[in-house]
Amino acid sequence: MQLRRKLHPSFRVGAAVKQTAAGTFAWGHRFSSSYRLFSVTPSGNPEEDEEENLTGGREISCQALRRARNCCCQLNQLLLHLPKTSYCQGEIPEPNEKMASPAEPASPVKRTEDEGTDCVSELNSSPLSNLEAKSPESALKRVLSFRRSKQCPAKDKDEKKNIPEPSEKAASPAEPASPVKSTEDEGTDCVSELNSSPLNNLEAKSPESALKRVLSFRRSKRSPAKDKASEDSGSLRRNKGFLPKAFQKKEEDSSAKNMTDTSVNKSGENTGAESIQQQPLSVMEINELIQKKQLLEAYASIRCLEKEVISEREAKKYEDNPIEYARKAKDVDLLCNSVTNSIKSIVEETLDQFDIDESLLTSVVTVISKEEEAHADIQSPGSSESDWVGRPRKWREVWKEAVRGSAEKRVRKVPISLKEDNVSWLAIHLGFLRKHVSEDLLKIKQSVQKCYPDDYKVCGRYFESFHSAISSHLQDLLQRPLEFNELYALLDWIVNTYYSKTLLGHPDLQAEVKTENLPQLLPSETWDKLKKDYKDSLAEKIKHYLDNILKLETREKWKEEKQPETSQTKYDSSLSLDIQTFIGQHKNESGKILESLETATLEISIRELREFIPRFRKAFVEWYKEREDLLFVPYLVAYVNSFRDLIRSLQTTFNADSTELENVLTDVTMSFRKDVLDKLEQKTQPLFKKILTNAWMLNSEILDSIMSTTVQFCQHLKHLEHPVDKDFLGDAHKYVVREYIIQAINPRKRMKTAKREKVGKKMKEEATVIRNSFKELGSNMDWLNSAIHYIANIISEKNGHKIKDYIEEMCQAYPDVRKEHIEAVLTCRGLDRIKKKSIIQKIDKLQANAESVADRTLFAEIDPPTLVTCF
């Protein structure tokens, strides 16, 4: 063999190839060692140190790869230019290890140090031609092709498979040895892979050892099913290429043993979660898993990192380097916080999606359960910043908070329009709120609940969260200035909609929702304020409505001088019906919410009517004060009837206490009576001043004019309700008699006997006319008729004793007569001072013996004259 190597110079080229390859391997070993030993001085900031380690590691890795690629290219060029006839004469040195027999099949490699031996045995087991068997170039290509064929992850590790035979035709040096990659690319990959493997000088000088190292590295690469992103990230990098061979085997056995099973839901179906490898990844890789919502894999790696940091801390590894411990602890804490945020995001976005991702929710539950199991024995977390590692994360509380956040988010997303765009904005918004919340609660019951264990009490937790979110939302709405319709819509929604079958009372939710366990939707103070605001707003609305009625009466009736409505024999007005309808509507609507609001509506209505009726009467009188009064009395009669009908309806229909309102109406009615008399006085007062004048003596037109005007007024009073009509007629009757007496006892010149007789006779005739006229009108105040007769008898009587009898009868019939009135009558008669004095002295005794009768006051309303002239 030595002689043949000397005789063939081409073999020296092959030796050079071997030396070049060995040099390449050794160079890669130095750079890989430098890369593993590379470390940046910690700055105190874990995130900055991690980034610097990554950056530095990548730069050195790139340099190593470029150098290895160049060396591999040189190796390929040398192999391509070797003369086959020369090189084939050389012999491949036998390896030191025992080679497998060509008849034995190649078995799967179990240990790193056996890789070279197995590969050589596999090469020997292939049927090759003599030319190919003696060609190192073909051997190298066959090895690379064989190693590529064994990397398919879909194959079972325990399955034995024969190496396919190559074609009889030898491939040319320029052709690729593999249908996938060329020889140059394969060589490049091999060199880059060798850079990460530790070599010693002895192995670098042996081509057989180099080949074994190539094969060993190819087997140590990760399975294609694993994550391709395996770059180093600071001190957290864990790559089997950097570990000793004995530790590699231990890690592989531990990894295979600790693979977690796929999560299974309650029904026993596979949730689709991938098995989790307990070997930790880098911080960046774990964070990528979290961002992809692969929480189970991420948590498994975080847990491995946490255990490692805890074990190193307990071993007091960081006593001399506390900054390094703080950096690693911070990495674990940041990853856990990232998981926390991911849990929040998943839970908060659950209801936003049309279809519920059950596998994702199940993974959240599994992670929470594993976290609770991992820290079940820890009573309380550490208080110092350096004690972040190993403390409970309380992710179930995070889940509860996320449920609350989800409910608040869903409630805030309900559309709400501007008040300027739609006056019914709040009612529309509450309608949308009912629809959206109802759909969410049904989705929780039908789709979300089955993804959680029973101890989570998902429905109850979600319902309480929505209840709280709606309460806060309604309180925010109450901060706005709301009008009556908006307050009513809010009250009606809270009382009648929220607990109805369209929301919490839905048949599908009755088994889950226990409304008696829920707190009040609004706090007591807020609820009381809402009801108070509603009452105040209702009072303003009723007042505004009544004012509009007054404006309507003024514009459509008084201005246009329309005749009042007539109901049978009475004047009537739509005023009562309008007010009753308005009050009844609000009473019924308020009663649908609360009985207390129904009662309050009646109380507010009566209170507002107490103010409205006098205000209405004042506006009515002011309107006709300077205008033609043809319709004054008819409208006055109609309004009196209408107000009385309103009070009766409040008592009978609404069962309201209208006592105070009755008192107000009585006062208003008295004012109306006075208003009627004032109008009558304006018409008749000039005629009354002519009583007992010469013109009056000559004709009877004066009294006829007085009675015509009076009867015209009183004809409308007949359309008043009973007994108010008698009151108004009695006032008119008394007015005529009173004014007649006032004119009769006024001082005037002395009358002769003949004239006194004529005056007395005419007064009696006119008294009879007055009595008959009012009797026809329906007056029942007959006691007024005799007053004028007594005065007429005293004036026309000649006998003094009879005069005393008339005076006694007059005092008994009218107890309110005073001696000043008697003195004025006697003066009109023409008696002297002595006779008048003797008669007047007896009046005090007569008045003392007279019995007063209620509601019979006539002379008390007459002011006696202050000056008496004797004639």
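Residues numbered from 1 in each chain as written. Predicted model: local features only at pLDDT ≥ 70, side-chain atom pairs only at ≥ 80, totals over all residues. Heavy atoms only, no water.

Student: Outline the overall build of the protein chain, supporting the account with residue identities and numerical values.
Tutor: Secondary structure assignment for the protein chain yields 33 helices and two strands. Per-residue burial over the protein chain gives 45% buried out of 871 residues. Residue pairs in contact within the protein chain that sit at least 24 positions apart in sequence constitute 75% of those at least 6 positions apart. Approximately 46400 Å² of the protein chain is accessible, and the part contributed by carbon and sulfur atoms is 49%. (Helix = DSSP H or I, 4+ residues; strand = E, 2+ residues; numbered from the N terminus. Buried < 20%, exposed > 50% of the residue type's maximum accessible area, 1.4 Å probe, protein only. Contact = heavy atoms within 4.5 Å. Areas by Shrake-Rupley, 256 points an atom, 1.4 Å probe, with all protein chains shown as cover.)

Student: Account for the packing of aromatic side chains, with residues named and values stated.
Tutor: Using the criterion set out here, one finds 27 aromatic pairs in the structure. Between W783 and Y814 the ring centres are 6.3 Å apart and the planes differ by 50 degrees, which places this aromatic pair in the tilted class. Remark: Y814 occurs in the loop between α30 (800–813) and α31 (819–829) and W783 occurs in the loop between α28 (753–777) and α29 (785–796); sequence separation between them is 31 residues. The two residues W783 and Y814 agree in class, both being buried. Cluster of aromatic residues (ring-pair linked, three or more members): W558, F612, F616, F620, W623, Y624, F632, Y635, Y639, F643 and F672. Above the face of the Y456 ring, R396 is positioned so that its terminal group lies 4.2 Å from the ring centre. (Phe/Tyr/Trp six-rings, centres within 6.5 Å; stacked < 30°, edge-to-face > 60°. Lys NZ or Arg CZ within 6 Å of the ring centre and 35° of its normal.)

Student: So, the nonpolar core: which residues are in play, and what are the values?
Tutor: Grouped together as the largest cluster of nonpolar side chains are 188 residues, with contacts concentrated most on Y452, L474, W493, I741 and M763. The dominant element in this core, judged by the number of residues it contributes, is helix α23 (residues 632–652), at 12 residues. Each residue touching L474, except ones within four places of it in the same chain, is listed here: L430, L490, W493, I494, L521 and L522. (Core = buried A, V, L, I, M, F, W, Y, C linked by side-chain atoms within 4.5 Å.)

Student: Could you give an account of the pattern of salt bridges, with specific residues and numbers?
Tutor: Here the structure, examined in full by the defined rule, presents 38 salt bridges. Between R327 and D331 there is a salt bridge; the shortest N-O distance is 3.7 Å. In this pair, R327 and D331 are both assigned in helix α14 (residues 322–348), four residues apart and thus about one turn of the helix distant. On the accessibility criterion, R327 (3% relative accessible area) is buried. With a closest N to O distance of 3.0 Å, D533 and K529 form a salt bridge. One end of the pair, D533, and the other, K529, are both in helix α20 (residues 524–558), four residues apart, so they sit about a helical turn from each other. (Salt bridge = Lys/Arg side-chain N within 4 Å of Asp/Glu carboxyl O.)

Student: Got a sec to walk through unusual backbone geometry? Specific residues and values, please.
Tutor: With omega at 5 degrees, the peptide bond leading from H722 into P723 counts as cis. Along the chain, P723 falls in the loop between α26 (701–717) and α27 (724–744). One non-glycine residue, K394, lies in positive phi territory at about 55 degrees. Looking at the secondary structure, you find K394 in the loop between α15 (358–374) and α16 (395–412). K394 sits in the exposed class, given a relative accessible area of 53%. Phi is positive for L692, close to 65 degrees, though the residue is something other than glycine. Here L692 shows up in the loop between α24 (659–688) and α25 (694–698).

Student: So what's going on with a positive patch on the surface? Residues and values would help.
Tutor: Taken together, K551, R555, K559 and R627 make up a surface patch of like positive charges. Within the fold, K559 resides in the loop between α20 and β1 (565–567). (Patch = residues over 30% accessible without salt bridge, like charges linked within 9 Å, V, L, I, M, F, W, Y side chains within 5 Å. Lys, Arg positive; Asp, Glu negative; His and termini not counted. Charge placed at Lys NZ, Arg CZ, Asp CG, Glu CD.)

Student: If you had to explain the packing of α23 against α24 to someone new, which residues and values would you point to?
Tutor: α24 packs onto α23 with a crossing angle of 170 degrees between their chain directions and a minimal axis gap of 11 Å. On the basis of the axis angle, α23 is roughly antiparallel to α24. On the side of α23, the interface is formed by F632, L636, V640, F643, R644, I647, L650 and Q651, while α24 contributes L661, E662, L665, F672, D675, V676 and K679. A breakdown of the residues in the contact of α23 with α24 according to their chemical character gives 10 nonpolar, one polar and four charged. (Axes fitted to C-alpha atoms, helices over the stretch in contact; angles between N-to-C directions. Parallel < 35°, antiparallel > 145°, perpendicular 65-115°, else oblique. Nonpolar A, V, L, I, M, F, W, Y, C, P; charged D, E, K, R; others polar.)

Student: Tell me about the side chain of Q580, residues and numbers included.
Tutor: Along the polypeptide, Q580 turns up in helix α21 (residues 575–593). With a relative accessible area of 16%, Q580 lands in the buried category. With residues up to four places along the chain from it excluded, the contact list for Q580 reads D645, L646, S649 and F654.

Student: Explain the confidence of the model for the protein chain to me, and be specific about the residues and the numbers.
Tutor: Per-chain confidence: the protein chain averages 73 in pLDDT, with 65% of residues scoring 70 or above. A low-confidence stretch, residues 82–141 (pLDDT under 50), is modelled with 96 contacts involving residues beyond four sequence positions or located in other chains. Here residues 380–386 is a poorly scored stretch, pLDDT under 50, and it has four contacts once near neighbours within four places are set aside; other chains count. (pLDDT = per-residue confidence, 0-100.)

Student: Talk me through the side chain of S605; I want residue IDs and the actual numbers.
Tutor: Residue placement: S605 occurs in helix α22 (residues 595–623). The class of S605 is buried, set by a relative accessible area of 1%. Once you skip the residues sitting within four places of it in the chain, S605 turns out to touch I542 and I583.

Student: So, the environment of L521: which residues are in play, and what are the values?
Tutor: Note on placement: L521 falls in the loop between α19 (484–497) and α20. Spatially, the C-alpha atoms of L521 and Q475 are 9.7 Å apart, while their sequence positions differ by 46 residues. Sequence-distant contacts of L521, defined by excluding residues within four places in its chain, comprise H467, I470, S471, L474, W493, I494, Y498 and Y499.

Student: Could you give me a rundown of the environment of E739, with the residues and numbers involved?
Tutor: For E739, the position within the fold is in helix α27. Among all residues touching E739, those that are not within four sequence positions of it are Q685 and F688.

Student: Quick one: what's the story with helix α12 (residues 283–291), residue by residue and with numbers?
Tutor: Those residues of α12 not exposed but buried are V283, E285, I286, L289 and I290. The buried side chains of α12 occupy one side of the element, clustering within an arc of 165 degrees when seen end-on. One or two steps after α12, the chain reaches K293, where phi turns positive at roughly 65 degrees. (Arc of directions from axis to C-beta.)

Student: Talk me through the packing of helix α18 (residues 458–478) against α19; I want residue IDs and the actual numbers.
Tutor: Closest axis-to-axis distance for the α18/α19 pair is 12 Å, and the angle between their directions is 165 degrees. With respect to each other, α18 and α19 are oriented roughly antiparallel. Crossing geometry of α18 relative to α19 is assigned as left-handed. Taken together, the residues of α19 that come into contact with α18 (itself represented by I470, L474 and L478) are L490, W493 and I494. (Left-handed = near helix turned anticlockwise from the far one by under 90°.)

Student: Describe the environment of Q294, and please don't skip the residues or the numbers.
Tutor: Note that Q294 resides in the loop between α12 and α13 (295–314). Look at Q294 and you get partly exposed, because its relative accessible area is 29%. Taking the C-alpha atoms as reference points, Q294 and S342, 48 residues apart in sequence, are found 9.9 Å from one another.

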